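A look at the structure
Here's the letter readout for the chains.
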Amino acid sequence: MNSSPNWSKLRADFPILDQQIHGKPLIYFDNAATSQKPRAVIDALVRYYERDNANVHRGIHELSNRATTAYESARARTAKFINARSADEIVFTRGTTEGINLVANSWGAKNLKPGEVILLTEMEHHSNLVPWQLLAQRTGAKLAYLPVTGDEALLDLSKLDSLLTKQVKLFAMVHISNSMGTVNPVAELCARARKLDITTLVDGAQSAGHCSVDVQVIGCDFFAFSGHKICGPTGVGVLWGRPELLDAMPPYQGGGEMILTVEYHKTEFKKAPHRFEAGTPDISGPIGLHAAMDYLDAIGRENIFRHDQELANYAYEKLAALKNVRLFGPKQNRAGLVSFLLDDVHAHDVVMLADQAGVALRGGHHCTQPLMHRLGVESTARASFYFYNTQAEVDRFVEVVKEIQKEAPVFLDLKLHDIPNTVRRALEAVLQWDPRLVNVHAQGGPIMLEAAVDAVQAHRAKGGQTELLAVTVLTSLDREALARLGNAADPGDLALHLARLSRDTGCDGVVCSAHEARKVGEVCGEGFRRLTPGIRPKEEAANDQARVMTPAQALREGATWLVVGRPITQANDPAAAAEAILADMAEAMS
C-alpha cells in the first residue's frame, strides 16, 4: 500500500479529466453520482472483449474457460475487498438498487408478516426506501424511520431505543448519505439490532470505494454496493449476504445458470450465489470491477477517505465564509461531498451556471426526496469529491459560486392561484427596483402572460427600465397548450404571437429548456430558430425575430430573453417572495 500517494500522478490515470467544457478545464465534482474510470479499468474491459469474450460456466472451449476464470476470480477479489469469509457470499447484481430489491423480494417476501416493522432512516436513498415500501404494501408490514436532526442531518440516536422494538424484523440503513455526506455509525447500529435478533442491511453505495469496508466488523447481514461509484463499469454491483441467509432465500429470478435440474413440473436450484444470477451475466462488468478494486487498494482506501474528507472540509469552510449560503450535512467528520443552497438561486440554476464555467455539479433531490421535504427544501446543489480532485479545483469552484451569487438574477415566483391583478401589483412593486430578471411562474396560461406583459409596459410608460422579463407560462408545453397560448386556430401562428410579445417587452427572444424548446419548435416550425443540443439551427423567417434557445445558450450569448418554460424557483408564498426580493434589493442598494 502506498502510504503517501502521488495524487497528481494518479489523476493522470483518468483520460476523461483532460478536456475542456465550454472552453474551461473540466472540474468533475459529481462523483457521488458516478466516478470516472482509470486507464487500468478501461484496458481490462478492452482486453476481455479483444481476447476472451465468451459466455461463462457452460462452455468447455478455451475462450469460455478464460471468461469463467476471470468472472469467478472477480467474485473472489470482491470477497477480499469487503473481507467476506467466502466468495460464495458474493452475488453479482446490476448495482446497489438491484441488490436491495433482491433482498426485499427474496428474503423480505419470505420473512415479513403483517404488522411487522421495517425500520429505515430519514436519509435513505430511494433505492433503500421504495423497495421496502413495495414490500410493505404486499406483506402488510409497516415502515418506521429513525429521524435526522436538522440541516446537519445526523441520526437522532436518542430515538433508537424506542424504535428498535420486538416488532422490527429488518433495519436497513445507509452507510454514507449521498446527499448530506453523513457517515453513519453502522457497526453500532447493527450491533444494537443484532441483540434483538433484527436482520440488518447496509447500503454501501457511497462507502465501498471511499473507505475501508469490513462486513465482519460492521456486523450486518446484507451489504450492497455499485461498481460505477468505485471506478468500475456501470451495470455491475455486489450484494453480500450471510451464507445462512442466502441459502435460505428463494431465487429472485428464474432462468439459465441458476438451476441444477429442470423438469416440466419442478426445478432444483443451485446454492448461493449462483441461484441469484439467472441468465447470462454481465461478464465484463465484474472483470472491470476486479481491475477497479485492485487499483483502489493499491492507493489505499484509508488514504482516499482522508483525502476526500480534507477536500470536503475545505470546501465546507470556504462556502461557509460566503454570505447567503445554506449548508447541509455535518460540520465535522463528513464524507467527501458538500450540499448547499444559494439564496434566491435555484439549485438547478447553480448547476447550469457552474457548467458554463466547466464545473460539473449535481442539482436536485439526489433521490432523497423525503429527506429534502424533511429539511423544507425541494433540492440542493452538490459538489462531491474523489481522490483525483484537488484543492485548486475547490478554490476554482468557490470562485464560480461567488460569480453566480454576483451575477444571478432576481426572481419573483407567482403561482397558478394568483389572479392577474395580483401579478400586476407584485410586478409593479418589484419593478420599481429595476431588477435584472423577474421570473413569473404563470402556469395559468395566456391571461397570466398578458398580465405580466401589461405590468412591464405600464412600468416603462412611467419611464422605468427593465433589462429582462422572464415569464414562465407552463410547466409542460404541449401542442394544445401552445395553441391556446397563441389564441390561434393554427398552432403555427404562435410564432408570430410570441415574437410580438418579445418585441413588446423589449426582449430578444424566447428561451426555454431543451425539452420544451423541441416542443415549441414542433409547433412553431420555421418561425423559430431552434438552438437546442444536437439540433442544427433553422433559418429564421424574415418577419419572425424571436428564437428558441436553452438557458445555457442564452447565457453564453449574453442576451435578454422572454422566458417560456418550467419555473426556475419554487416559492410557496408569492407575497412573501416579493417582500423578500424587495428587502434584498433594498439592502443591496443601501
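Turning our attention to the overall build of the protein chain. Secondary structure assignment for the protein chain yields 21 helices and 25 strands. When burial is assessed residue by residue, the protein chain has 54% of its 590 residues classed as buried. Intrachain contacts of the protein chain at a sequence separation of at least 6 include 72% that bridge at least 24 residues. For the protein chain, the exposed area adds up to about 25,400 Å²; of that, 50% sits on carbon and sulfur atoms.

What follows deals with the pairing of strand E10 (residues 199-203). Of all five residues in E10, five are buried; the element is thus mostly enclosed. Of the two faces of E10, the one carrying Thr199, Leu201 and Asp203 and the one carrying Thr200 and Val202 are both buried. In this fold, the crossover linking strand E9 (residues 168-174) to E10 by way of helix H7 (residues 186-194) has right-handed handedness.

Counting 103 residues, the largest nonpolar core has Phe171, Phe340, Leu361, Phe387 and Phe397 as its most contacted members. Tallying contributions element by element places helix H10 (residues 284-299) first for this core, with eight residues. If sequence neighbours within four positions are ignored, Leu361 has contacts with Phe29, Asp30, Phe340, Val350, Val351, Ala354, Arg382, Ala383 and Phe397. In terms of nonpolar packing, the next biggest core, distinct from the first, is built from 25 residues, Ala172, Ala224, Leu239 and Phe276 among them.

What follows is about empty space enclosed by the protein. All told, the structure shown has two cavities of 30 Å³ or more when counted by the stated rule. Lining the largest cavity are Asn31, Ala32, Ile176, Gln206, His210, Asp308, Ala335, Gly336, Leu337, Ser384 and Phe385. Split by residue class, the lining of the largest cavity holds five nonpolar, five polar and one charged. Around the second largest cavity sit His57, Tyr71, Glu257, His274, Glu277, Gly279 and Pro281, which together line it.

The next thing to look at is the sheet that holds strand E15 (residues 325-328). Think of a sheet as strands paired side by side through backbone hydrogen bonds, with each pair either parallel or antiparallel. Here four strands make up an open sheet; going across it, the order is E15-E16-E19-E18 and the pairing antiparallel. The strands lining the two open edges of the sheet, one partner per strand, are E15 and strand E18 (362-364). Ignoring strand direction, the axes of neighbouring strands in this sheet form an average angle of 30°. Where E15 meets strand E16 (residues 337-342), four bridges bridge the pair, whose relative direction is antiparallel. Its bridge partner lying in E16, Val325 is registered against Leu342.

Mapped onto the elements, His126 comes out in the loop between strand E5 (117-121) and helix H5 (130-139). What makes His126 buried here is its relative accessible area of 19%. Residues contacting His126, with those up to four places away along its chain left out, are Pro131, His365, Cys367, Thr368, Gln369 and Pro370.

In this model, the protein chain carries an average pLDDT of 79, and 68% of its residues clear a pLDDT of 70 or more. Scored below 50 in pLDDT, residues 409-419 makes 53 contacts in the model with residues more than four places away or belonging to other chains. Here residues 433-446 is a poorly scored stretch, pLDDT under 50, and it has 72 contacts once near neighbours within four places are set aside; other chains count.

Glancing now at the pattern of salt bridges. Inspection of every chain in the model, using the stated rule, returns 20 salt bridges. Salt-bridge contacts for Glu257 lead to Arg58; the nearest nitrogen and oxygen are separated by 3.3 Å. Highlighted residues: Glu257 in the loop between helix H9 (243-248) and strand E13 (259-262) and Arg58 in the loop between helix H2 (39-52) and helix H3 (62-81), separated in sequence by 199 residues. On the basis of relative accessible area, Glu257 is assigned to the buried category, the value being 9%. A relative accessible area of 55% places Arg58 in the exposed class. Measuring nitrogen to oxygen at the nearest pair gives 2.9 Å for the salt bridge that ties Asp151 to Arg326. One end of the pair, Asp151, is in the loop between strand E7 (148-149) and strand E8 (154-155); the other, Arg326, is in strand E15, with 175 residues separating them in the sequence. Residues joined in a network through salt bridges with shared partners are Arg77, Asp294, Asp297 and Arg301.

Relative orientation and spacing of two packed helices are given, respectively, by the angle between their axes and the distance between those axes. Two numbers describe how helix H4 (residues 96-111) lies on H5: the axes approach to 9 Å, and their chain directions differ by 20°. Viewed along their axes, H4 and H5 adopt a mutual orientation that is roughly parallel. The way H4 lies across H5 gives a crossing that is right-handed. Between H4 and H5, the contacting residues are Ile100, Asn101, Val103, Ala104, Asn105, Gly108 and Ala109 on the first element and Pro131, Trp132, Leu135 and Arg138 on the second. Residues that form the contact of H4 with H5 fall into these classes: seven nonpolar, three polar and one charged.

With that settled, the discussion passes to the sheet that holds strand E4 (residues 90-93). Spatial ordering of the open sheet is given by E4-E12-E11-E10-E9-E5-E6, a layout of seven strands whose pairing is mixed. In this open sheet, the two strands that pair with only one neighbour each are E4 and strand E6 (142-146). On average, adjacent strands in this sheet sit at an angle of 20° to one another, irrespective of strand direction. Alignment of strand E11 (residues 222-226) against strand E12 (residues 237-241), held across five bridges, turns out to be antiparallel. Counted as the bridge partner of Phe225 is Val238 from E12. Relative to E4, H3 is tilted by about 115°, and along the sheet it contacts E4, E11 and E12.

Okay, H3 next. For H3, built from 20 residues, the straight-helix expectation of 28 Å at 1.5 Å per residue is met to within 8% by its first-to-last C-alpha distance of 28 Å. Every buried residue belonging to H3 is among Ser64, Ala67, Thr68, Tyr71, Ala74, Arg75, Arg77, Thr78, Ala79 and Phe81, and all of these are buried. Considering only its buried residues, H3 is in contact with H2, E4, E11, E12, H10 and helix H11 (301-320). Backbone geometry just after H3 places Asn83 at a positive phi near 60°.

With that settled, consider the packing of H10 against H11. Look at H10 against H11: their axes get within 5 Å of each other, and the N-to-C directions meet at 75°. In terms of axis orientation, H10 runs roughly perpendicular to H11. The residues of H11 that touch H10, namely those facing Leu296, Asp297 and Ile299, are Arg301, Asn303 and Ile304. Split into classes, the residues belonging to the contact of H10 with H11 amount to three nonpolar, one polar and two charged.

Reading the values: rules and limits
- Residues numbered from 1 in each chain as written.
- Predicted model: local features only at pLDDT ≥ 70, side-chain atom pairs only at ≥ 80, totals over all residues.
- Heavy atoms only, no water.
- Helix = DSSP H or I, 4+ residues; strand = E, 2+ residues; numbered from the N terminus.
- Buried < 20%, exposed > 50% of the residue type's maximum accessible area, 1.4 Å probe, protein only.
- Contact = heavy atoms within 4.5 Å.
- Areas by Shrake-Rupley, 256 points an atom, 1.4 Å probe, with all protein chains shown as cover.
- Right-handed = clockwise from strand over helix to strand, strands pointing away.
- Core = buried A, V, L, I, M, F, W, Y, C linked by side-chain atoms within 4.5 Å.
- 1 Å grid on protein atoms, 1.4 Å probe; cavity = no way out; pocket = protein on both sides within 12 Å on 5 of 7 lines; lining within 4 Å.
- Points joined across faces, edges and corners; volume = space filled by probe spheres on them.
- Nonpolar A, V, L, I, M, F, W, Y, C, P; charged D, E, K, R; others polar.
- Pairing = 2+ DSSP bridges.
- Axes fitted to C-alpha atoms, helices over the stretch in contact; angles between N-to-C directions.
- pLDDT = per-residue confidence, 0-100.
- Salt bridge = Lys/Arg side-chain N within 4 Å of Asp/Glu carboxyl O.
- Parallel < 35°, antiparallel > 145°, perpendicular 65-115°, else oblique.
- Left-handed = near helix turned anticlockwise from the far one by under 90°.
- Expected span 1.5 Å × (residues − 1).

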